[in-house]
Amino acid sequence: RSQVKRNHQAVRLYSRAIHCGYKRSLRNQQMHTSLVKIEGVNNREDTDFYLGKRVAYVYRAANEKRSKTRNGNGKVRVIWGKVTRPHGNSGVVRAKFSSNL
């Protein structure tokens, strides 16, 4: 068999997003539910794909953890959550994280 070399382009299996704030009323905010704006999602219908999907808040800490990750950098940490429902008509979703952001 002759081996054919194919150019495979890497496929990104995640979407970037911005943490906009918390679910709130006029004077109070509920920090157990975060508002997240997903890149490329601009209306309420587009949010249906993301409902129930997992989200990760990745951040860099000042101190290293004792148990290092596979790549050896213990300063990068993750808080996992889940998209629960849409918020408004502009593509923002509500997400609940394992610990409040």
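Preceding this section is the structure that the text describes.
Not measured: the values here are computed from a predicted model.

Draft legend 1. Just the overall build of the protein, in detail. In terms of helices and strands, the protein carries zero helices and five strands. Here the protein has a C-alpha radius of gyration of 18 Å; the compact-globule value for 101 residues is 13 Å, and the former is much larger. Along the three orthogonal principal directions, the C-alpha set of the protein runs to about 70 × 40 × 15 Å. Within the protein, the fraction of its 101 residues that count as buried is 23%. Intrachain contacts of the protein at a sequence separation of at least 6 include 45% that bridge at least 24 residues. About 8,500 Å² of surface is accessible on the protein, with carbon and sulfur atoms providing 47% of the total. Taking the 23 positively charged and 5 negatively charged side chains of the protein as two groups, their mean positions are separated by 10 Å.

Draft legend 2. Layout of the sheet that holds strand β4 (residues 76-87). Spatially, the five strands line up as an open sheet ordered β1-β2-β5-β4-β3, and their pairing is antiparallel. Either end of the sheet is taken by a strand with one partner, and the two such strands are β1 (17-24) and β3 (54-60). For this sheet, the mean inter-axis angle between neighbouring strands, taken without regard to orientation, is 40 degrees.

Draft legend 3. The arrangement of the nonpolar core in detail. Val36, Ile38, Val41, Tyr50, Val55, Ile79, Val83, Val93, Ala95 and Phe97 form the largest nonpolar core, which has 10 residues in total. Apart from residues no more than four positions distant in its own chain, Val55 is found in contact with Ile79, Trp80, Gly81, Lys82, Val83, Ala95 and Phe97.

About the thresholds
- Residues numbered from 1 in each chain as written.
- Predicted model: local features only at pLDDT ≥ 70, side-chain atom pairs only at ≥ 80, totals over all residues.
- Heavy atoms only, no water.
- Helix = DSSP H or I, 4+ residues; strand = E, 2+ residues; numbered from the N terminus.
- Rg over C-alpha atoms; globule rule 2.2 N^0.38 Å.
- Buried < 20%, exposed > 50% of the residue type's maximum accessible area, 1.4 Å probe, protein only.
- Contact = heavy atoms within 4.5 Å.
- Areas by Shrake-Rupley, 256 points an atom, 1.4 Å probe, with all protein chains shown as cover.
- Lys, Arg positive; Asp, Glu negative; His and termini not counted.
- Charge placed at Lys NZ, Arg CZ, Asp CG, Glu CD.
- Pairing = 2+ DSSP bridges.
- Axes fitted to C-alpha atoms, helices over the stretch in contact; angles between N-to-C directions.
- Core = buried A, V, L, I, M, F, W, Y, C linked by side-chain atoms within 4.5 Å.

That's the geometry; what it means functionally is another story.
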